[in-house]
Amino acid sequence: MDITENESAFDKRQLALIREIIRAIKSDLADSGIPEERMADITGDVAFSIAAIIDGSRVMQADGQPL
């Protein structure tokens, strides 16, 4: 497998992925009856944690191969 580093392309895709994750989190929280005044904080906290994992995937490996 050849890996081509393209920081700009990675960042654009990462942003699109995070936006979709945020949309899904907000939707699921709303469906669960989370009060609107708490939704932004909870969504932000969960999305930040997920984004940190995704961003860290730049240097993560699985079975000795870069993710």
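Details of the structure are given in the entry above.
Residues numbered from 1 in each chain as written. Predicted model: local features only at pLDDT ≥ 70, side-chain atom pairs only at ≥ 80, totals over all residues. Heavy atoms only, no water.

S.K.: Would you take a moment to explain the nonpolar core for this structure?
M.R.: A general trend in soluble globular proteins is that nonpolar side chains are found buried together. Counting 7 residues, the largest nonpolar core consists of I18, I21, I25, L29, M39, A47 and I54. If you list the elements that add at least two residues to this core, you get helix 1 (7-31) and helix 2 (36-56). Here this core gets 4 residues from one element, more than from any other, and that element is helix 1. In this view, I21 contacts I50 and I54; residues no more than four positions away in its chain are not counted. (Core = buried A, V, L, I, M, F, W, Y, C linked by side-chain atoms within 4.5 Å. Buried < 20%, exposed > 50% of the residue type's maximum accessible area, 1.4 Å probe, protein only. Helix = DSSP H or I, 4+ residues; strand = E, 2+ residues; numbered from the N terminus. Contact = heavy atoms within 4.5 Å.)

S.K.: Please clarify how helix 1 should be interpreted in this entry.
M.R.: One full turn of an α-helix is made of 3.6 residues, so residues set three or four places apart face in the same direction. In a regular helix each residue adds 1.5 Å, so 25 residues correspond to 36 Å; helix 1 covers 36 Å between its end C-alpha atoms and thus fits that length. Taken together, the buried positions of helix 1 are occupied by A9, Q14, I18, I21, I25 and L29. Of the surrounding secondary structure, the elements contacted by the buried residues of helix 1 are helix 2. Downstream of helix 1 by one or two residues, G33 has phi in the positive range, about 85°. (Expected span 1.5 Å × (residues − 1).)

S.K.: When you look at the packing of helix 1 against helix 2 in this model, what are you seeing that I'm missing?
M.R.: Packed helices, taken two at a time, are described by their axes: the angle between them and the distance between them. At their nearest, the axes of helix 1 and helix 2 sit 9 Å apart, and the two run at 145° to each other. Once helix 1 is placed against helix 2, the crossing between them reads as right-handed. Taking contact as the criterion, the partners of F10, Q14, L17, I18, I21, I22, I25, K26, L29 and A30 in helix 1 are, on helix 2, M39, I42, T43, V46, A47, I50, A51, I54 and D55. Broken down by class, the residue content of the contact of helix 1 with helix 2 amounts to 15 nonpolar, 2 polar and 2 charged. (Axes fitted to C-alpha atoms, helices over the stretch in contact; angles between N-to-C directions. Left-handed = near helix turned anticlockwise from the far one by under 90°. Nonpolar A, V, L, I, M, F, W, Y, C, P; charged D, E, K, R; others polar.)

S.K.: Hey, could you run me through the environment of I22 in this one?
M.R.: Mapped onto the secondary structure, I22 falls in helix 1. A sequence separation of 25 residues divides I22 from A47, and the C-alpha atoms of the two residues are 5.9 Å apart. Once residues within four sequence positions are removed from consideration, I22 is found in contact with T43 and A47.

S.K.: Is there a simple way to explain the pattern of salt bridges in this structure?
M.R.: Close approach of charged atoms allows side chains of opposite charge to pair. Taken as a whole, this structure holds 2 salt bridges when the rule is applied. Here E20 and R23 are joined by a salt bridge, their closest N and O atoms 2.7 Å apart. One end of the pair is E20 and the other is R23, both in helix 1 and 3 residues apart, which spans about a single turn. Under the relative-accessibility criterion, E20 is labelled partly exposed at 41%. Using a relative accessible area of 46% as the deciding quantity, one classes R23 as partly exposed. In this structure, R38 engages D41 in a salt bridge whose closest nitrogen and oxygen atoms are separated by 3.9 Å. A residue pair is termed a helical-turn pair when its members lie 3 or 4 positions apart in one helix, as R38 and D41 do in helix 2 at 3 residues. Overall, R38 belongs to the partly exposed group, its relative accessible area being 42%. With relative accessibility at 46%, the residue D41 sits in the partly exposed group. (Salt bridge = Lys/Arg side-chain N within 4 Å of Asp/Glu carboxyl O.)

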